[in-house]
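Structural features, examined
Chain by chain, the residues:
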Amino acid sequence: MTGDLGAAPTVTFKNGIDAKSTQRTMVIEGTGDEVTEGSSAEVAYSIYNGATGKLIESYGYADDQPVTFAASATQLLPGLAKTIGCAKVGSRVASVIPAAEAWGADGYADVGVKAGQSLVAVIDIESLVPTRAWGADQPAEEGLPAVTLAGDGTPSIAIPSTAAPADLKIAVLKKGDGDAVPDTATVTVQYLGVDWETGETFDQSWGKAPATFSSTAWFPASRRRSPARRSAPRCSR
């Protein structure tokens with residue numbers, strides 16, 4: 001393969017790859033922080049059908065928004081989790097992934113992968129995703145739910161005994177010093193949603209992995225974009 005980190009690579013290989021286990025190589029060795037188990041990284045990737053050589057998907061390069069991959073046993077295809085696990089930011093990693101650690105005996109017809117076909121993946125690891133807010137604490141706003149943070153940043157929410165507001169209310173609990181989010185941005189977030197009436201959590205990223213949202217749509221953009229959301233084992237060197 002050829003091409004610079006951060007640009008879509010040119011990849012050639014002999015069709016008919018039939019891997020027995022996920023194997024990877026560092027095409028470019030990064031020097032940044034390591035992708036540890038449970039952490040998330042912003043990546044650009046190209047994934048090929050190992051049997052046919054066909055490009056399945058390439059995303060995150062050039063003007064594309066990077067995609068968030070979680071080095072998690074529950075968030076990523078097993079072979080992709082092994083590809084990024086323990087690698088360092090700034091790396092380009094190439095791997096061959098057997099069907100058993102990809103889409104298995106069923107394949108994935110939507111992207112042209114038949115039962116039992118292996119994958120070839122090339123992933124650029126651009127940065128690690130922070131897992132908690134680090135801004136300055138702000139005074140709590142009266143009448144809104146009280147939020148407390150555990151040592152790792154995990155929030156819990158206490159709903160007041162009053163009725164829910166009739167209109168949207170927004171309160172800043174930690175004020176960051178980064179760039180303002182423009183109207184058309186895609187951002188990676190941790191979130192927790194609680195039902196005001198019952199106090200029950202209806203959705204959250206905590207305990208899973210940060211999610212990528214478009215500011216113009218509710219559903220996480222990265223979960224629409226990538227074919228990589230399936231269960232995964234521990235990463236290994």
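Refer to the preceding data block for the structure.
Residues numbered from 1 in each chain as written. Predicted model: local features only at pLDDT ≥ 70, side-chain atom pairs only at ≥ 80, totals over all residues. Heavy atoms only, no water.

A few points about the overall build of the chain
The line we're drawing: Secondary structure follows DSSP: runs of H or I at least 4 residues long count as helices, runs of E at least 2 residues long count as strands, and numbering of each begins at the N terminus. Residue exposure (1.4 Å probe, protein chains only): buried if accessible area is under 20% of the type maximum, exposed if over 50%, otherwise partly exposed. Should any heavy atoms of two residues lie within 4.5 Å, those residues are counted as being in contact. Values of accessible area rely on a 1.4 Å probe in the Shrake-Rupley scheme; residue burial ignores everything except the protein chains shown.
In terms of regular secondary structure, the chain is built from two helices and 14 strands. Here the chain holds 237 residues, and 38% of them are scored as buried. A separation of at least 24 residues holds for 72% of the contacts in the chain among residues at least 6 apart in sequence. Here the chain displays about 13100 Å² of accessible surface, and carbon together with sulfur accounts for 51% of that area.

Topic: the nonpolar core
One broad trend across soluble globular proteins is that nonpolar side chains are buried collectively. Definition in use: Joining through side-chain atoms within 4.5 Å is the link that ties buried Ala, Val, Leu, Ile, Met, Phe, Trp, Tyr and Cys residues into a set, and such a set is a nonpolar core.
Phe 69, Leu 80, Leu 119 and Ile 125 are the most contacted members of the largest nonpolar core, which has 26 residues in total. Every element with two or more residues in this core is listed here: β2 (40-49), β3 (55-59), β4 (67-70), α1 (78-84), β5 (92-97) and β6 (119-128). When neighbours within four sequence positions are excluded, Leu 119 is seen to be in contact with Ile 47, Tyr 48, Gly 50, Ile 56, Leu 77, Ser 95, Val 96, Ile 97, Ala 102, Trp 103 and Val 113. In this structure, Val 11, Tyr 48, Val 120 and Val 122 belong to the second largest nonpolar core, which totals five residues.

Some thoughts on the pairing of strand β13 (residues 201-204)
Put simply, the test is: In this analysis, strands are considered paired if DSSP registers two or more bridges between them.
Pairing analysis gives three bridges linking strand β12 (residues 192-194) to β13, with the strands arranged antiparallel. Within β13, the position partnered with Val 194 by the bridge is Thr 201. From the end of β12 to the start of β13, which pair antiparallel, there are six residues, and Gly 199 there has a positive phi angle of about 75 degrees.

Some words on the pattern of salt bridges
Heads up, the rule is: One side-chain nitrogen of Lys or Arg within 4 Å of one carboxyl oxygen of Asp or Glu is enough to make a salt bridge.
All chains considered together, the criterion is met by four salt bridges. For Lys 20, the salt bridge is made with Asp 18, and the minimal N-O distance between the two is 3.6 Å. The salt bridge involving Lys 174 is made with Asp 137; its shortest N-O contact spans 2.6 Å. Placement of Lys 174 in strand β10 (residues 174-175) and of Asp 137 in strand β7 (residues 136-137) is noted, with a sequence separation of 37 residues between them.

Some details on a nonpolar patch on the surface
Heads up, the rule is: Candidates for patches are residues over 30% relative accessible area with no salt bridge; among them, like charges are joined within 9 Å and nonpolar side chains (Val, Leu, Ile, Met, Phe, Trp, Tyr) within 5 Å.
There is a patch of nonpolar side chains on the surface, built from Val 147, Leu 149, Ile 157 and Leu 173 and spanning about 290 Å² of accessible area. As for its position among the elements, Ile 157 is in strand β9 (residues 155-158). We classify Ile 157 as partly exposed; its relative accessible area is 30%.

Let's talk about the packing of aromatic side chains
The criterion, for reference: Classification of ring pairs uses Phe, Tyr and Trp, with its six-membered ring standing for Trp, and accepts pairs whose centres are within 6.5 Å; under 30 degrees between planes counts as stacked, over 60 as edge-to-face, and the remaining range as tilted.
Scanning the model with the defined rule gives three aromatic pairs in all. When the ring of Phe 13 is compared with that of Tyr 48, the centres are 6.0 Å apart and the planes differ by 85 degrees; the resulting orientation is edge-to-face. Of this pair, Phe 13 sits in the segment before β1 (23-28) while Tyr 48 sits in strand β2, and the two are 35 residues apart along the sequence.

Overview of the pairing of β9
Direction of pairing for strand β8 (residues 146-149) relative to β9: antiparallel, over a ladder of four bridges. Considered in β9, the bridge of Leu 149 is made with Pro 155. A loop of five residues connects β8 with β9, the two strands running antiparallel in sequence, and Gly 153 in this loop sits at a positive phi of about 95 degrees.

Remarks on the environment of Ala 140
Relative to the elements of secondary structure, Ala 140 occurs in the loop between β7 and β8. Classification of Ala 140 by relative accessible area gives exposed; the value is 72%.

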